[in-house]
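Coordinates in review
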Protein chains: 2
Amino acid sequence: MPARERLLVVALDLFAEHGVSGTSPQMIADRLGVTKAAVHSEFPTMDDLALAVIAPALDRLGEVADEAESQRGHAARVESVLAGVVQLVVDYRKMAATLGFDPVVVRLVRAHPALRDLQRIRRLLGGFAPDPGSRVRMAVIAGGLMMAGADPAVAGLDNEDFHDHLLAAGRRILRG
Amino acid sequence: MPARERLLVVALDLFAEHGVSGTSPQMIADRLGVTKAAVHSEFPTMDDLALAVIAPALDRLGEVADEAESQRGHAARVESVLAGVVQLVVDYRKMAATLGFDPVVVRLVRAHPALRDLQRIRRLLGGFAPDPGSRVRMAVIAGGLMMAGADPAVAGLDNEDFHDHLLAAGRRILRG
């Protein structure tokens, strides 16, 4: 694995264990067996590093929203966005909980262009609907799908099983 | 509000904004307009403070599990534990996301006597069932209920509406 990739993998592990705020360049350097200066030269600030860790997942949000919005009819759009989010959670299983909750990540996403895509996804799932039931269901799905990846109860499942059961759980919440 | 209570309220606000790792005694002192020494004399370490913040919620877990286990039949036990967890999330709406994800809190809970009660609740919700579908549903419910309290989409709902829609969403996931 190239040095930069290894750094991102180690950083994500440490973020999951300690939060972004609780992770220092020195901790990353120690785990990689490199100097702190080497970490700094690749990523001058922890914000730069956190953004680099989450970028691949954020980059996918636009595709998920585009695909869903291209469907005809409300039901097809909801099914499409749910399938897209579930696939994203499975592909970034280890990252999803950090992405959804870590206060530093939340702050970075709020200032990121992908925020618009995230809002489109939330809208498709009912997050801006006038009725409170739809908004609560969206909040439960959003939180539930993202946190499930970090739950020890499902750690042993392979990606295919995890995917199928996650999709089924999402459909249960959303079906009328 | 007594000084200790005010300190706990301010600490929780800061934990939600910055994570426990990202919160310092100085930040708490600044927001309260007291000295750092005053914070230290009440709570010598940040672990002590974090434990004091989450203690009231953790103390309720045992009652929720007891009440559910006293019911006759699987369906009644599941309904009881779901109702208990939903009420807990509503009562500690602002705290639930921090409680469920913050890496420092997760570490503290792992060493806390309430961990046994949490495991009983997870068992009642299917977290140790042999079939992967039950375990994924438990993970989605656990994450979804806890994260929903922090979601801006439901921030405007009063506790009663939030409670009823949260319970309905939980039942949708759990029903066979």
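Criteria and cut-off values
- Residues numbered from 1 in each chain as written.
- Chains lettered and ligands numbered in written order.
- Predicted model: local features only at pLDDT ≥ 70, side-chain atom pairs only at ≥ 80, totals over all residues.
- Heavy atoms only, no water.
- Core = buried A, V, L, I, M, F, W, Y, C linked by side-chain atoms within 4.5 Å.
- Buried < 20%, exposed > 50% of the residue type's maximum accessible area, 1.4 Å probe, protein only.
- Contact = heavy atoms within 4.5 Å.
- Least-squares fit on C-alpha atoms with pLDDT ≥ 70 in both.
- Helix = DSSP H or I, 4+ residues; strand = E, 2+ residues; numbered from the N terminus.
- Expected span 1.5 Å × (residues − 1).
- UniProt positions renumbered as here; feature names shortened; annotations may be inferred.
- Buried area = accessible area lost by both parts, 1.4 Å probe.
- Salt bridge = Lys/Arg side-chain N within 4 Å of Asp/Glu carboxyl O.
- Polar contact = N/O pair within 3.5 Å; in protein donor to acceptor, adjacent residues only side chain to side chain.
- Phe/Tyr/Trp six-rings, centres within 6.5 Å; stacked < 30°, edge-to-face > 60°.
- Lys NZ or Arg CZ within 6 Å of the ring centre and 35° of its normal.
- Patch = residues over 30% accessible without salt bridge, like charges linked within 9 Å, V, L, I, M, F, W, Y side chains within 5 Å.
- Areas by Shrake-Rupley, 256 points an atom, 1.4 Å probe, with all protein chains shown as cover.
- Lys, Arg positive; Asp, Glu negative; His and termini not counted.
- Charge placed at Lys NZ, Arg CZ, Asp CG, Glu CD.

As recorded by an unreviewed UniProt entry, chain A carries the name TetR family transcriptional regulator and is attributed to Paractinoplanes tereljensis.

With that settled, the discussion passes to the nonpolar core. Among the nonpolar cores identified, the biggest contains 118 residues, and A:Ile28, A:Leu49, A:Leu166, B:Ile28, B:Leu49 and B:Leu166 are the most heavily contacted of them. When near neighbours in sequence (up to four residues on either side) are disregarded, A:Leu49 contacts A:Leu7, A:Leu8, A:Ala11, A:Phe15, A:Ile28 and A:Phe43. Grouped together as the second largest cluster of nonpolar side chains are six residues, A:Ala97, A:Met147, B:Ala97 and B:Met147 included.

Here we take up the relation of the copies chain A and chain B. Superposition of chain A onto chain B requires a rotation of 180° combined with a translation of 0.0 Å along the rotation axis, giving an RMSD of 0.0 Å. Expressed as an axis order, the relation between the two copies is that of a two-fold axis. Residues of chain A ranked by C-alpha distance from the rotation axis are headed by A:Gly144, positioned 1.8 Å from it. An overlap of 100% is found between the interface residues of chain A and their copies at the interface of chain B, pointing to a shared contact surface.

Three or four residues apart is the spacing at which side chains of an α-helix point the same way, because the helix has 3.6 residues per turn. Under the 1.5 Å per step criterion, the end-to-end length of helix H9 (residues 132-148) of chain A is 24 Å for 17 residues, consistent within 8% with the ideal 24 Å. The buried fraction of H9(A) amounts to 15 of the 17 residues, a majority that puts the element mostly inside the structure.

In this section: the UniProt feature "DNA-binding region" (unreviewed entry) in chain A. Within this numbering scheme, the UniProt entry marks residues 24-43 of chain A as carrying the feature "DNA-binding region" (unreviewed entry). The annotated region residues 24-43 of chain A carries 75% helix and 0% strand content, and the separation between its end C-alpha atoms amounts to 12 Å.

Attention now goes to the interface of chain A and chain B. Contact residues are listed per partner, giving 42 residues for chain A and 42 residues for chain B. When the two sides are added together, the surface that chain A and chain B hide from each other amounts to roughly 3300 Å², 67% of it contributed by carbon and sulfur. It is A:Phe101, A:Val136 and A:Arg172 in chain A that bury the most area against chain B; as a group they hold 21% of the surface buried on that side. Linking chain A with chain B are two salt bridges, by the criterion used here. As a salt-bridge pair, B:Asp151 and A:Arg122 come within 2.4 Å of each other at their nearest N and O atoms. Viewed at the interface, chain B and chain A are joined by ten residue pairs in polar contact (both at pLDDT 80 or more).

For the rest of this paragraph, the subject is the environment of B:Ala83. Along the chain, B:Ala83 falls in helix H5 (residues 74-91). Separated by 88 residues in the primary sequence, B:Ala83 and B:Arg171 place their C-alpha atoms 9.5 Å from one another.

Residues and elements named next belong to chain A. One pass over the structure, following the stated rule, counts 20 salt bridges over all chains. In this structure, Lys94 and Asp13 form a salt bridge, with 2.4 Å as the shortest nitrogen-oxygen distance. Note that Lys94 is positioned in the loop between helix H5 (74-91) and helix H6 (96-101) and Asp13 in helix H1 (residues 3-18), a separation of 81 residues in sequence. When its relative accessible area of 55% is taken as the criterion, Lys94 is described as exposed. In this structure, a network of salt bridges that share partners links the residues Asp66, Glu69, Asp117 and Arg120.

Summed over all chains, the structure comprises one aromatic pair over all chains. With a centroid separation of 4.8 Å and 50° between ring planes, the pair formed by A:Phe101 and B:Phe101 is classed as tilted. On the criterion of chain membership, the pair formed by A:Phe101 in helix H6 and B:Phe101 in helix H6 (residues 96-101) is interchain, its members lying in two chains. Both residues of the pair, A:Phe101 and B:Phe101, count as buried. Over the ring of A:Phe128 we find A:Arg123; its NZ or CZ atom is 4.6 Å from the centre of that ring.

The subject of this paragraph is the environment of A:His40. Residues and elements named next belong to chain A. Mapped onto the secondary structure, His40 falls in helix H3 (residues 36-42). When the C-alpha atoms of His40 and Val10 are compared, they prove to be 15 Å apart, with 30 residues separating the residues in sequence. In this structure the side chain of His40 is engaged in a polar contact, spanning 3.4 Å, whose partner is the backbone oxygen of Pro44.

A contiguous patch of negative charge on the surface is contributed by A:Asp158, A:Glu160, A:Asp161 and A:Asp164. On the secondary structure map, A:Glu160 appears in helix H10 (residues 159-174).

In the numbering adopted here, UniProt assigns the feature "domain: HTH tetR-type" (unreviewed entry) to residues 1-61 of chain A. Across residues 1-61 of chain A, the secondary structure splits into 77% helix and 0% strand, with the terminal C-alpha atoms separated by 26 Å.

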